[in-house]
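# Chain and residue survey
For reference, the chains in residue letters:
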Amino acid sequence: MKKLALSLLIVIFSGFALLAQTAGTSGKVVDENGAAVPFATVKLEGSKVTALTDADGSFSIKTVGSAKKLTVSSVGFKSVTVDITGKPLSIVLPSAAENLKEVVVTNAFGLKQSSKKTPYSVQVVSGEKLNTVVQPNLNAALGGKVAGLQLRDESNVALGRNSSVRLRGEGSIGGSSALYVIDGTPMNSSDINPQDIESITVLKGANATALFGDRASSGAIVITTKKGGSKKGVGIEFTQSFTADVVYRLPEYQNLYAGGDGTYEKFAWQTGMPDTWKALDGKYYHDYSDDASWGPRMTGQEYIPWYAWYPGTKYSFKTASLTPQPNNIRDFWNTGTSSNSNLSFFKTGENSSTRVSYTNQNIKGLLPNSKQDKHTLFFTNKSTFNKFTLETNINYVFNTVNGQFDDGYANNSSGSFNQWFHRDLDMKIMKELKDVKSPEGYFGSWNHNNPSTYLAGAAGPRNFYAGNYWYNPYKAFEWINPVSKTNRLVGNVSLSYKFNNHFKLTGNVRRNQISATSESITPSEMQNSGTQTGDLAYYGVSSSSSSENNYELIGTYTNKFGQFAVNSTAGYSLRNNKGFSMGTNTNNGLVIPGLYTLSNSINPVSYSSSRNESEFRSIFGTANVGYKEWISLDLTARSDYASVLQKGANIFYPSVGTAFIMSELVKMPTYINNLKFFASWGNKPQLLGAYAFALNYGLGANQWNGNALMGTPDALIDPELKGSLISTKEAGIDIKLFNKLNVNLTYFEEINDKQPVNVSVSGASGFTGKNINAARIDKKGFEVQLNTNIINTKTWNYEVSLNYANLLYNKVVTIAPGISRISLGGSAFGTRGATAFAALNETWGQLIGSKTVYDKGQPVILPNGYYKVAADQNFGSVLPKHTGGMLNTLRFKGNLEINANITYQFGGKFYSLSHMWGYFSGLLAETAALNDKGKNVRDAVADGGGVKVSGVDESGAKVDRYIDANTYFTQFYFQRNSTPFIHSLSYVKLQELSIGYHLPVAKMGLQKVCKDLTVSLIARKPLLLWSEDKMFDPSEISPTFGENGQFPSVRGVGLNIRVTF
Amino acid sequence: MKNKLVALALSSVVLFGCSKSIDDFGDMNVNPNSTPIPVTSALLTNVLSGIGGTAAGITPGYYCQYFAQTQYTDESRYTPPQADFDGYYSGVLNDLQNIINVNSDAKYKDLAALNGSNANQIAIARILKAYYYWIVTDYWGDVPFSQALKGNSDIAYDKQSAIYPALIAELKAAVAQFDAGTTVKGDVIYSGSTTKWTKFANSLRMMMALRLSKVDAATGKAEFAAALATGSFIDASADNFTVNYPGGAFSNPWFNNYLTRKDQGVASFVTGMQTANADPRAAAFGSSSVGIPYGLTRDLASAFVGANPTWAYVLPASKRAANSPVIVLSSSQLKFARAEAAKLGWTSENVATLYANGVKENMTDWGVFTQTAYDAYMLKVALNGTDDLKLINTEAYLAFYPNGFQGWSNWRRSGFPVLTPTTYAANVSKQIPRRYMYGTREFATNSKNVTAAAANYSGADGVNSSDAKVWWDK
């Protein structure tokens, strides 16, 4: 039945094309810069006849009787009245306030609409605002600019990552990401050069995104790229920026105690040890093999540093003085540099416009030997001939990243520095001695063993000289240097035929393909130079490719029937996805040291391959019916058939909305420029991936003497399994006042019900999980956008955009019978730390772990001085409740422009693994602080030291006692107590700052050389204005649960030059 | 007009060209990377590839002081052993259940029979299931059994007192099921020999029966005697349940364990005993005779291994090569079980002969047997009529080495050898753990049932305690 309804829709729209065409006058409306003004109202003076310009600014209007003039108006512009000449008109509208202009909203399949009539909240970010400073990726550039968008940024130390965003909290049990669409082509990544972007439309609920289908389950980020200019002619633009990045926030370390455990050993030379060591006989050393910092107090005393044992350096066999190294961690990080060059060419002729752009992003990372080289080529052309329009967009990206280093537990930089390290290490010497070797060829490590281990016979030298758990970090990053290369081609060719002013048929072919290879090597010297580091010589290579093709046929029909304006589309789309991957690697080391090929593997190589395909066929239609100028109704419907659905199944999902523009119906006071109410409702699906309906028995990667291995899958599947349906309701008000202020207020409610989830089941069932439709998440919230042009004089212009979102409610309402929570994946050191869950009746992303028990507000202290701990306690959600941003633009005489963009969030928690280990290993300042008696907590309790612990015992009696510092700070690991390691995600950050100056080209006599020359001073993520947490930068927490040893935050300053020829 | 015709034509194409087959995707959603029906021989190999690991349990090996930790000393200081048993069920046990199901399913049994007769495949799977359930219940006590492996939820726990008789009955039934049909494929232990599997099954019955020595001696005696009476059990090294690792991807677990780590060595408790008795097996148990004091703090352990660079790794390098075998159950271990059964009056076998042969076979299995060394050793550990249970179980303890699961379980039952808990114990009771605590996963997924089961195991640290004893541990 639904199918029939849609089919009818298509027939009806086709029929419209048969209607007669009326004669009139036509023209194009542009702004002062020659850019099209879409959706401007064109009114025939002295009549009720009106028309709207289309997305290209073109219009045609019926002319009746004696009418001789047209009035053109659009919010954000001054109205203009022109004479009808009989020829096509070109009308220029002078600007009013920049940030109050009517904007074009782009929805699925490239369909455009005026923001004036949208029945949902929508925000369009201009390319200008997006590129205030050059951010390393698109998501980072969106931070703070869209209400309801939470940027989850990542440290710039990590190269090649794209950060991520959440729109309106999280509606999906397992978390999900928004769909990125570029010129109508869906991409599964945000990997697009921000400088090629003209504007971005951010659509959130199902009411706004139903037409995109299932992949927009958590919203759509719709990108329109820059096209050739709208004015005829040729132009060249060149932009170059340089940025220098430095490490920003680090935890506060203790600078009193050296590495090792409590012992301070006197070295006694023994027979069998190298003679050269005799020089050190009788001198003292701290335990090198223990990678914690519970060693002796650093008082400048003479000691044997780690490097004194290796021959051949100026430090060999010499003692040094044991002194604090307060800046050793900061000293380690390089100053990163990035260069971003963009050259674009555009040409606009009578019937054709073209833009070609090339961008090179070249980054030298903050870690040794990390770099990124990314090339983006973008081509766009739009040509019209007769009634045909051909549009082509092609975007090619080639990216090479060297040193995509891990930032999880026990990584060789922050994972070591904040979790396992010696506080007495001098980084300058560390760097200088990165190639120091033992006579046998073992590379030196600060974490080598203690001298007596040398006396283990033939194994002795390696026992002693090689790193126990760690290498010299400078050497480690030279050794491990994974290389990944990515090729991406995304683009579309679209041909439309305009039958008449009412009916247009468009065919699109879209493709998004990506291929990637990565190669990684662990050198043989690395294996030899570590005893318990876990590194075996290794060579691995993997490649993957995926492609998505979309074919669309879309008919568009627009017409006016009396006071009714109809704008409708109907179409069919087919999407096919294919993926392929393979990987292979050596096992258990290499036969011939230093030869990195698969055939050199000691054990048989592991290999894997996988391929997948899925297809989606959809019929869709939209209709927008407006009555006069004051009310409009929006309808969309889409029906999907897909290989990933149960056989024969299809899903149908509609959306409906209305916009009521009161200011067009009722005479408003003059200060109200526009008053709109809107309300809408819609559904959208969230589908399963391929192959979800059967138990899939795969073969093991290796055979046992010719016997294949196969295991039973761990997830049981409900035979009725299917995807879920997301339903959104939204209502709001949009008001423009005094031609200065625009306020948009939106309230939404969203339900994502019967979500397919893998619920953990008792392994005793034979399975560890079961895939069923069960979970439901409800969200409610409101968003405010406020744009104002506070000052607008000839000299000064100050614009502010404020946005704020309040996530009132984001609860996991049901999971599955008997299931109280589902892990969101990823955890800190197994189950030692609190981990994020979708927990029943709690806000999504609840951190759950073991917690100190309180009795009437007092912690309960056990007889051994430990805090009493209770398992499975809630610590709060990882979702911030309040998010938003503030964008400021100040212009002076049209020459100087200052932009300052702030992003903020309040609420939300994260767990820090580094904090836990930083306690355990005695690295953090708190582990060597003074207690209330003024003694260092590391001093013996008998001498007045120790950590003061106050609380009650299990009977409720008051306890006040001092606990040995090591016992106190290691208890949290032993007891799995997460209490001290829960941090706040609240912050206010100056995300972007730019001070730009348009050089007076004419005055300088350069007008023959260039049209415009702008120089800007830029700063990215320059200042954490405030954060509740002082240890980490809460704006850059990557894993869902929190911090796992991740890289420190980074800030940068730079220069940007733009020349237009 | 032409335009309009074009439009109509195109719309028709869209409408009818696609709607005809719009919901037909053929086999596109059938996973090309896997098969929907399991290959039973591959399931069996998968189970057997990991079975050597059950005889290389490191944590219980700390509890019975076979091994001592060198740096991170948590387990050997008894930090509460809360562990999930899910892996046993969803891994090996469900693979075995799957072998039984596929071989019993009218639709698939003929296909499965390509890998050996249905009855023989089922019988082997039942024996292995009984073996794994035995391990699970001995670690945790009461566990899901009768209601397990059904893809169900809300799974009740069975009492260990009910599981034991059921396992013994299952072993009997499995042996009875063997037929003369085709040899089972994928059996990397006994190459499908039903005789050897029968011997293994009957040997397991004896081992299980002996566990009942304190809690239900009558049943223990009856079952032990019945198994012995079959005359078909592991009585010579050739019948040992031995995992012969091919090396490579399937390597000896001790080889893998020491590949990039050195977390544990032989405990000085073992090396001390061996040195005192001039035990020739010392050379096979560790890389040296420098045992590590048991249960030290991290500082002390690091200091000890730092000061004693020749400390004993578990097994010398030659015994933990990638392709070194692991013995899961040996004739020597059976001899000590039979010696104890005879000593208890359960059977009429000769205690002294079994005891002597047990030592001899164990030394032979390790490749260190010489008549002189053996004779000298037997003088040191000779049975004396008063301490015999202690002596038999101490030799059993050595014969189980390095199988921590058996060493710890036999100690829990017999109390021998006498072990002293570490003075650095970090648990509340400061006693050696007697069971594993139910894991967090079970509390999250089968809360009602595990909570009820946990209530039966109280100790100094509350319910679900590792201080509490399992049913047969008296």
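The structure presented is a predicted model; accordingly, all values stated were derived computationally and were not measured.

Residues and elements named next belong to chain A. For chain A, per-residue confidence averages 90 on the pLDDT scale, and 97% of positions sit at 70 or higher. Strand E50 (residues 982-984) holds the highest mean pLDDT among the elements of chain A, 97, whereas helix H1 (residues 2-16) holds the lowest, 45. Segment residues 1-22 is flagged for pLDDT under 50; beyond a separation of four residues in sequence, or across chains, it makes 41 contacts in the model.

Turning next to empty space enclosed by the protein. Empty pockets left among the atoms are what a rolling probe the size of a water molecule brings to light. Residues and elements named next belong to chain A. The tally for this structure, following the rule as stated, stands at 16 cavities of 30 Å³ or more. Of the voids in this model, the largest cavity is the one considered here, and its volume is about 180 Å³. Around the largest cavity sit 16 residues that line it, and Phe109, Pro186, Phe212, Asn550 and Arg638 are the ones nearest its centre. The set of elements that each furnish at least two residues to the lining of the largest cavity consists of strand E13 (179-182), strand E28 (538-561), strand E29 (564-590) and strand E30 (601-627).

What follows covers the domain arrangement of chain A. By the assigned domains, chain A splits into domain 1 (20-96) and domain 2 (264-323 + 408-477). Taking only C-alpha atoms into account, the centre of domain 1 of chain A sits 80 Å from that of domain 2 of chain A.

This brings us to the packing of aromatic side chains. What the rule picks out here adds up to 108 aromatic pairs over all chains. Ring geometry for A:Trp309 against A:Phe464: centres 5.6 Å apart, planes inclined by 70 degrees, an arrangement best described as edge-to-face. Here A:Phe464 lies in helix H8 (residues 460-465) and A:Trp309 lies in the loop between strand E20 (302-303) and strand E21 (320-321), a separation of 155 residues in the sequence. Arranged with centres 5.8 Å apart and planes meeting at 50 degrees, the rings of B:Tyr66 and B:Phe67 form a pair that is tilted. Take B:Tyr66 and B:Phe67: they sit in the same class, and that class is buried. Positioned above the aromatic ring of A:Phe616, the side-chain terminus of A:Arg575 is 3.8 Å from the ring centre. Taking NZ or CZ as reference, B:Arg211 lies 5.4 Å from the ring centre of B:Trp472, over its face.

Before going further, it helps to examine helix H16 (residues 371-380) of chain B. All names here are of chain B. For H16, every residue scored as buried is listed here: Tyr374, Tyr377 and Met378. One side of H16 carries all its buried residues, which in axial view fall inside an arc of 100 degrees. The exposed residues of H16 that point more than 90 degrees off its buried face are Thr372, Leu379 and Lys380. Packing partners of the buried residues in H16 comprise helix H15 (351-366) and helix H17 (388-400).

Angle between the axes and distance between the axes: these two values describe a pair of packed helices. All names here are of chain B. Remark: helix H6 (residues 118-140) packs on helix H7 (residues 160-177), axes separated minimally by 9 Å, with the N-to-C direction vectors making an angle of 160 degrees. Viewed along their axes, H6 and H7 adopt a mutual orientation that is roughly antiparallel. Here H6 and H7 pass one another in a crossing that is left-handed. Here Ala119, Ile122, Ala123, Arg126, Ile127, Ala130, Tyr133, Trp134, Thr137 and Asp138 of H6 lie close against H7, whose contacting residues are Gln160, Ile163, Tyr164, Leu167, Glu170, Leu171, Ala173, Ala174 and Gln177. In the contact of H6 with H7, the residues fall into 13 nonpolar, 3 polar and 3 charged.

Turning our eyes to something else, we now look at the interface of chain B and chain A. Counting from both sides, the interface comprises 80 residues of chain B and, opposite them, 85 residues of chain A. Both sides together, the interface formed by chain B and chain A hides about 6,900 Å², and carbon and sulfur atoms give 58% of it. By the criterion of area lost to chain A, the three top residues of chain B are B:Ile22, B:Met28 and B:Asn29, representing 10% of everything that side buries. Applying the counting criterion to the chain B and chain A interface returns 2 salt bridges. For the salt bridge of B:Arg298 with A:Asp290, the shortest nitrogen-to-oxygen distance reads 2.6 Å. Taken together, the links from chain B to chain A amount to 30 residue pairs in polar contact (both at pLDDT 80 or more). Mapped onto the side of chain B that touches chain A, the elements with two or more residues apiece are helix H1 (2-19), helix H2 (40-49), helix H4 (86-104), helix H13 (298-307) and helix H19 (440-445) of chain B.

Conventions and cut-offs
Residues numbered from 1 in each chain as written. Chains lettered and ligands numbered in written order. Predicted model: local features only at pLDDT ≥ 70, side-chain atom pairs only at ≥ 80, totals over all residues. Heavy atoms only, no water. pLDDT = per-residue confidence, 0-100. Helix = DSSP H or I, 4+ residues; strand = E, 2+ residues; numbered from the N terminus. Contact = heavy atoms within 4.5 Å. 1 Å grid on protein atoms, 1.4 Å probe; cavity = no way out; pocket = protein on both sides within 12 Å on 5 of 7 lines; lining within 4 Å. Points joined across faces, edges and corners; volume = space filled by probe spheres on them. Domains from an automatic or database assignment. Phe/Tyr/Trp six-rings, centres within 6.5 Å; stacked < 30°, edge-to-face > 60°. Buried < 20%, exposed > 50% of the residue type's maximum accessible area, 1.4 Å probe, protein only. Lys NZ or Arg CZ within 6 Å of the ring centre and 35° of its normal. Arc of directions from axis to C-beta. Axes fitted to C-alpha atoms, helices over the stretch in contact; angles between N-to-C directions. Parallel < 35°, antiparallel > 145°, perpendicular 65-115°, else oblique. Left-handed = near helix turned anticlockwise from the far one by under 90°. Nonpolar A, V, L, I, M, F, W, Y, C, P; charged D, E, K, R; others polar. Buried area = accessible area lost by both parts, 1.4 Å probe. Salt bridge = Lys/Arg side-chain N within 4 Å of Asp/Glu carboxyl O. Polar contact = N/O pair within 3.5 Å; in protein donor to acceptor, adjacent residues only side chain to side chain.

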